[in-house]
Protein chains: 2
Amino acid sequence: MKQRAMIQYPRSEKCYVSGRVNKIQVGMRRITLQDTVQLTASGEKTVKPNSPLVVYDTSGAYSDPQFEKGEAGGLPPMRAESYGRRKDLCRDEGRGAYRAKPGKIVTQLYYAKKRIITPEMEYVAIRENQQVETLGLKSYITPEFVRKEVAAGRAVIPANINHVELEPMIIGNRFLVKVNSPINYRLELQEPIREVEEQLLNYLAIGCDTLTALFEQEERPMEEADHLRSALLRRSPIPVGVNPLLATAWAGELDWPLFRDRLIALCEAGVDFVRLYPSLLRGECEQLRQRLLRPRSLEYRIWDNWFLAHKGEENFLYVHFDELCEILGSYDVTLSLGDGMRAVSIYDAAADSLRQEELKRVRELVRRAWDHQVQTMVESAGHAPMDKIQGQMKEIQYMGHGAPIFTSGPLLTNAACGLDAVGMAIGGAQAAWQGASLLCCSEPEEALRGKSDTRRGYYQSLIMAKIAAHAADVAKAHPGAGMRDHAICKAMAEGNREADAEALSLIPKRFLKLLK
Amino acid sequence: MKQRAMIQYPRSEKCYVSGRVNKIQVGMRRITLQDTVQLTASGEKTVKPNSPLVVYDTSGAYSDPQFEKGEAGGLPPMRAESYGRRKDLCRDEGRGAYRAKPGKIVTQLYYAKKRIITPEMEYVAIRENQQVETLGLKSYITPEFVRKEVAAGRAVIPANINHVELEPMIIGNRFLVKVNSPINYRLELQEPIREVEEQLLNYLAIGCDTLTALFEQEERPMEEADHLRSALLRRSPIPVGVNPLLATAWAGELDWPLFRDRLIALCEAGVDFVRLYPSLLRGECEQLRQRLLRPRSLEYRIWDNWFLAHKGEENFLYVHFDELCEILGSYDVTLSLGDGMRAVSIYDAAADSLRQEELKRVRELVRRAWDHQVQTMVESAGHAPMDKIQGQMKEIQYMGHGAPIFTSGPLLTNAACGLDAVGMAIGGAQAAWQGASLLCCSEPEEALRGKSDTRRGYYQSLIMAKIAAHAADVAKAHPGAGMRDHAICKAMAEGNREADAEALSLIPKRFLKLLK
């Protein structure tokens, strides 16, 4: 038996809460608190024990001393245990991947609409309100509430049936605000998989909720990126997303058949959500050239070149959108509709008619994705002054039929060069308070410029985004969100700061040096 | 002639704008931009020069290569040049300090109400809108507009007549949001003055607008603190504030006569604003004990002990408030009314009746200070969830009769232990957008715990606060606030990022490593 967990929190132990309906074990973190010692008027000591605080835990089995890594270095395939009993799944013996049986649909959205509470739904319900229930309080977050939110499309549970190591989590406006971080690694390193694992463990320890894998780089063979992505999926208890276009683009001439094959391969590998730009059409893409500053993202440049090279052709993701959704649906891969028209300058954000145009298309695409039972998020990135954030969020909520909003920032200024993480924390907190459900961390300047060691920058962005997300949870009065704050203040008032407050703190002390 | 300035900005030069009415030279920073090179349809190069961007400059004479330090290491006493002609001032030969002649009042508020535009008012008017005027645009910020805002008490120009090295600046809701940083130094250092000067230069280079000098420490003789404070004042082109109570408390038994003498000494030394708690009364101070968490500030603890030791006595700052104002008025020292009742936990902020009580007293004190022609700010610190910030700011604006709000944060969570700077940037940006005029940087955890090297933490807080302040300027559409952002985007679009964008960036590149 292994005594030392790979991720350790002070004064904390791993605990598991069993499902009532389904055979699930939800991992949580129990923080033991010191007794409250007080002096009575007569000068006697009274000692009151404090019940431990159970908090949301992203660290998976890595914070469990019992956990032993498997041969392949991955997590146990917990979710697959129940697959044998499922009549909607089949396994391609050749490719070894699960998929929906012909004519079947396996998405959480489909089951939610059918009024079926899946194990994933019960799992997230326990996860989201455990903190409250341990204090004997009631929370509105029940499995049935989760089902209703998913059925209405207001929440998604990104959980590819092939990501069998996943601990389900939920993204939606009525739930805890989540944080997504990009993950990458230094090209020159000798042991990429070890480096990816090390980064993953730090992300999980800080509280990262989802990852976007960005292993595709021009200098790197696509096979290697695929190899790394699979290694990450086998090790990751949290959802992993990708941008399939980047995972295809280097493979020569880009067209729908080629893209479709890559997409299927990614779905079979187990990616939980895909970030795509079906709403980025030729006409608007050309109009983008009128802006003061055009997007600098790789996706945008790929599409811009593609439109130039394929005169008269339209974005094939839009043209083949229904087929695209059918593929995603047969693995329950969540679709994240990117906003290709996002303003990347305060100047362009002032009157962003192109983004308005795109949102009309987003409104159409969300509806069509739902018709295919595909779970869907709407992305909102880019720049906007603070006074526009609330309006933007309300607009996207309306145009996206209430689908969860996945936002980076918005950034409130272009003038803080190299310090996007700060601007995104300021903007992200307000966006989350006003309705965004998933905050994306900034990619450090160095990463964009291809400089080598960017991990420190990634960690800093993640830490700031976590604080922004928590601030929004507190402002939205999410059940139990303030309990951690209150417990810390109680500990400080009772002089237990060093011990309790540091164990209770949102960001583990060992990461503070990253911002010092 | 000295060729190398003590503070250097890339692609920038110091320039001076002369006053139209008064004999003043307003130092600004002119950033030269590269030409715009484009290719015509016929493939010819067209070269369009870009006019330089003149930006607000806090670096004083230190960014002027011509500047030579004086014998005493201080800045030239520019403001004193005109004093000879003034009929309202006299100089105490013995103590060498200026003060108002008996029966005279010398505050900016007094002159503003008398419809007199002082050199200080013209100075700040030029400073605040130069950026716009260089582009040939008109700005509403004229000397007369400044006078009106000061006369109405909606803005203050902290400028003690004895701080003759000062470059006047203005704090008010209609002007650029300003940032205040605490300044301190490591006890164990051998050359404190050199260390203070080094810190000062870094603060100025980053864009610090005002300082709060915190040299008073229990371990340190008061004379030494006084000596350091004077050294700072002689070197600082920006206003310096103090907490006179801290500068008195260690001097044995604390009472009004003792405090008054210390206050006069500080006014004669040249401090531009004083942070005091006349609104912290015995009754409420005792009620604070009911809170989950009581303030941990030194001021609060001093008053708490004082009330215990002086049964039945009331806060002498409140009792002698009129005399206090008379003293401040005769040097034009700005009064900053501290909020002793601030909530220091999200929990207590939920229903903060004590703070409501205090605000009623603040409302009375602002009026009384104005009756004495004393420029006044209202402080608002402490904790509050995001959804309360707007309401808080509007309430303080009302209760303070529109006096400028000086805020730290508010902090939106207690759970981000050791990372207050992030929470304060998130909260500060919203507070500033909703009406706060001066943002106070957080004191790093280490400083509170008396750890040695805290400078890095101070710089980080300052950088984050500057970004928050600028984000608010952009959201409030302050004249020219967005110009820097737009210029950066234009440079990036034209491929001049490395050169221009880095020169234009809000935070000089050499400080970025502090957050990397």
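Computed from a prediction, not measured in an experiment: that's the story for all the values here. (Residues numbered from 1 in each chain as written. Chains lettered and ligands numbered in written order. Predicted model: local features only at pLDDT ≥ 70, side-chain atom pairs only at ≥ 80, totals over all residues. Heavy atoms only, no water.)

### Observations concerning the overall build of chain A
Helices and strands together make up the secondary structure of chain A, namely 19 helices and 17 strands. In terms of overall dimensions, chain A is globule-like: its C-alpha atoms have a radius of gyration of 23 Å, near the 24 Å expected for 516 residues. Seen along its three principal axes, the alpha-carbon backbone of chain A occupies a region of about 90 × 55 × 50 Å. Going through the 516 residues of chain A one by one, you find that 64% of them count as buried. Taking contacts inside chain A between residues at least 6 apart in sequence as the whole, the part at least 24 apart equals 73%. Of the side-chain charges in chain A, 68 are positive and 67 negative, and the distance between the mean point of each set is 4 Å. (Helix = DSSP H or I, 4+ residues; strand = E, 2+ residues; numbered from the N terminus. Rg over C-alpha atoms; globule rule 2.2 N^0.38 Å. Buried < 20%, exposed > 50% of the residue type's maximum accessible area, 1.4 Å probe, protein only. Contact = heavy atoms within 4.5 Å. Lys, Arg positive; Asp, Glu negative; His and termini not counted. Charge placed at Lys NZ, Arg CZ, Asp CG, Glu CD.)

### What about the packing of aromatic side chains?
With the rule as written, the count across this model stands at 30 aromatic pairs over all chains. Measuring from ring centre to ring centre gives 5.1 Å for A:Tyr140 and A:Phe145, while their planes differ by 65°; the resulting arrangement is edge-to-face. Judged by its relative accessible area of 36%, A:Tyr140 falls in the partly exposed class. Relative to B:Phe316, the ring of B:Phe259 lies with its centre 5.7 Å away and its plane at 50°, an arrangement referred to as tilted. Here B:Phe259 is found in helix H7 (residues 256-269), whereas its partner B:Phe316 is found in helix H10 (residues 316-319), with 57 residues between them in sequence. B:Phe316 matches B:Phe259 in its accessibility class, with the two residues each being buried. Ring-pair connections join several aromatic residues into one group, and the members of that group are A:Trp256, A:Phe259, A:Trp303, A:Trp306, A:Phe307 and A:Phe316. Taking NZ or CZ as reference, A:Arg29 lies 3.9 Å from the ring centre of A:Tyr9, over its face. A cation over a ring is seen here: A:Arg361 above A:Tyr318, with NZ or CZ 5.9 Å from the ring centre. (Phe/Tyr/Trp six-rings, centres within 6.5 Å; stacked < 30°, edge-to-face > 60°. Lys NZ or Arg CZ within 6 Å of the ring centre and 35° of its normal.)

### Let's talk about the sheet that holds strand E11 (residues 210-213) of chain A
The strands that make up a sheet are held in pairs by hydrogen bonds between backbone atoms, and each pair lies either parallel or antiparallel. All names here are of chain A. Strand order around the closed barrel formed by 8 strands is E10-E11-E12-E13-E14-E15-E16-E17, with parallel pairing between neighbours. Pairs of neighbouring strands in the sheet enclose a mean axial angle of 30°, with direction left out of account. Docked against the sheet, helix H4 (residues 192-206) engages strand E10 (178-183) and E11, running at close to 165° with respect to E10. Sheet strands touched by helix H15 (residues 420-433): strand E16 (405-407) and strand E17 (436-440). Its angle to E17, the strand with the most contacts, is close to 165°. (Pairing = 2+ DSSP bridges. Axes fitted to C-alpha atoms, helices over the stretch in contact; angles between N-to-C directions.)

### A few points about the interface of chain A and chain B
Every contact between the two is made by 54 residues of chain A and, on the other side, 54 residues of chain B. At the boundary of chain A with chain B, total buried surface from both sides reaches about 5,000 Å², with 70% on carbon and sulfur atoms. Our count for the contact surface shared by chain A and chain B stands at 0 salt bridges. Taken together, the connections running from chain A to chain B amount to 14 residue pairs in polar contact (both at pLDDT 80 or more). Listed by contribution, the elements that provide at least two residues to the side of chain A that touches chain B are helix H12 (346-349), H15, helix H16 (445-448), helix H17 (455-475), helix H18 (483-493) and helix H19 (497-504) of chain A. In terms of residues, the side of chain A that touches chain B owes the most to one element, H17(A), which gives 11 residues. Tallied by class, residues from the side of chain A that touches chain B come to 33 nonpolar, 9 polar and 12 charged. (Buried area = accessible area lost by both parts, 1.4 Å probe. Salt bridge = Lys/Arg side-chain N within 4 Å of Asp/Glu carboxyl O. Polar contact = N/O pair within 3.5 Å; in protein donor to acceptor, adjacent residues only side chain to side chain. Nonpolar A, V, L, I, M, F, W, Y, C, P; charged D, E, K, R; others polar.)

### Section: the pairing of strand E4 (residues 45-48) of chain A
Residues and elements named next belong to chain A. Pairing of strand E3 (residues 36-39) with E4 involves 4 bridges; the strand directions are antiparallel. When the sheet's bridge partners are listed, Thr36 is paired in E4 with Lys48. What sits between the antiparallel neighbours E3 and E4 is a turn of 5 residues, in which Gly43 has the positive phi angle 80°.

### A word on the packing of helix H14 (residues 386-399) of chain B against helix H15 (residues 420-433) of chain B
Residues and elements named next belong to chain B. Close contact between H14 and H15 brings their axes to 9 Å; oriented N to C, the two are set at 35°. Our pair here, H14 against H15, has a crossing hand that is right-handed. Note on element contacts: H15 touches H14 through Gly427, Gln430 and Ala431, opposite Met386, Ile389 and Met393. In terms of residue class, the contact of H14 with H15 is built from 4 nonpolar, 2 polar and no charged. (Left-handed = near helix turned anticlockwise from the far one by under 90°.)

### Some points on the relation of the copies chain A and chain B
The transform that puts chain A on chain B rotates by 180° and translates by 0.0 Å along the axis, for an RMSD of 0.0 Å. Here the two chains are linked by the operation of a two-fold rotation axis. Across chain A, the smallest distance between a C-alpha and the rotation axis is recorded for A:Ile426, namely 2.2 Å. Of the interface residues in chain A, 100% have counterparts in chain B that sit at the interface too, so the contact is made through matching surfaces. (Least-squares fit on C-alpha atoms with pLDDT ≥ 70 in both.)

### Points about the sheet that holds strand E2 (residues 25-31) of chain B
All names here are of chain B. Strand order in the open sheet made by the 3 strands is E1-E2-E5, with antiparallel pairing throughout. Here the strands that pair on one side only, and so sit at the sheet edges, are strand E1 (12-18) and strand E5 (53-55). Going from strand to strand, the sheet's axes swing by 40° on average, the running direction of each strand aside. Direction of pairing for E2 relative to E5: antiparallel, over a ladder of 3 bridges. Looking at the pairing, Arg30 lines up with Val54 of E5.

### A look at the confidence of the model for chain A
When pLDDT is averaged across chain A, the result is 90; 96% of the residues are at 70 or more. Here the predicted complex scores 0.95 on pTM and 0.94 on ipTM. (pLDDT = per-residue confidence, 0-100.)

### As for the packing of helix H13 (residues 353-371) of chain B against H14(B)
Residue and element names in this part refer to chain B. Closest axis-to-axis distance for the H13/H14 pair is 9 Å, and the angle between their directions is 35°. On H14, the residues that touch Arg355, Gln356, Leu359, Lys360, Val362 and Arg363 of H13 are Glu395, Ile396, Tyr398 and Met399. Taken together, the residues of the contact of H13 with H14 sort by class into 5 nonpolar, 1 polar and 4 charged.

### Digging into H4(A)
Residue and element names in this part refer to chain A. The end-to-end C-alpha distance of H4 is 21 Å, a good match for the 21 Å that 15 residues give at a rise of 1.5 Å each. Taking burial as the measure, the 15 residues of H4 include 12 buried ones, the bulk of the element. Within H4, burial applies to Pro192, Glu195, Val196, Glu197, Gln199, Leu200, Leu201, Asn202, Tyr203, Leu204, Ala205 and Ile206. Buried residues belonging to H4 abut E10, E11, helix H5 (222-235) and H17. Gly207 sits one or two residues past H4 and shows a positive phi near 115°. (Expected span 1.5 Å × (residues − 1).)

### So, the pattern of salt bridges
Summed over all chains, the structure comprises 68 salt bridges over all chains. Among the ionic pairs, A:Arg79 bridges to A:Glu120, the shortest N-O distance being 3.0 Å. Of this pair, A:Arg79 sits in the loop between strand E5 (53-55) and strand E6 (89-92) while A:Glu120 sits in helix H2 (residues 119-133), and the two are 41 residues apart along the sequence. Measuring nitrogen to oxygen at the nearest pair gives 3.8 Å for the salt bridge that ties B:Asp209 to B:Lys466.

### Digging into unusual backbone geometry
Of the consecutive residues A:Gly409 and A:Pro410, the connecting peptide bond is found in the cis state with omega at 5°. Looking at the element boundaries, A:Pro410 is found in the loop between E16 and H15. Even without a glycine there, the phi angle at A:Ala477 is positive, about 55°. Turning to its location among the elements, A:Ala477 is positioned in the loop between H17 and H18. Its relative accessible area of 58% is what places A:Ala477 among the exposed residues. The phi angle at B:His401 is positive, at roughly 55°, despite the residue not being glycine.

### Thoughts on the environment of B:Tyr347
Along the chain, B:Tyr347 turns up in helix H12 (residues 346-349). Along the chain, B:Tyr347 and B:Pro385 lie 38 residues apart, while their C-alpha atoms are 9.4 Å from each other. Beyond its immediate chain neighbours, meaning those up to four positions away, B:Tyr347 contacts A:His486 and B:Leu292.

### Overview of the environment of B:Asn496
All names here are of chain B. Tracing the chain through its elements places Asn496 in the loop between helix H18 (483-493) and helix H19 (497-504). Sequence separation of Asn496 and Thr36 is 460 residues, and the distance between their C-alpha atoms is 8.8 Å. The residues contacting Asn496, other than those within four sequence positions of it, are Gln34, Asp35, Ala491 and Ala501.

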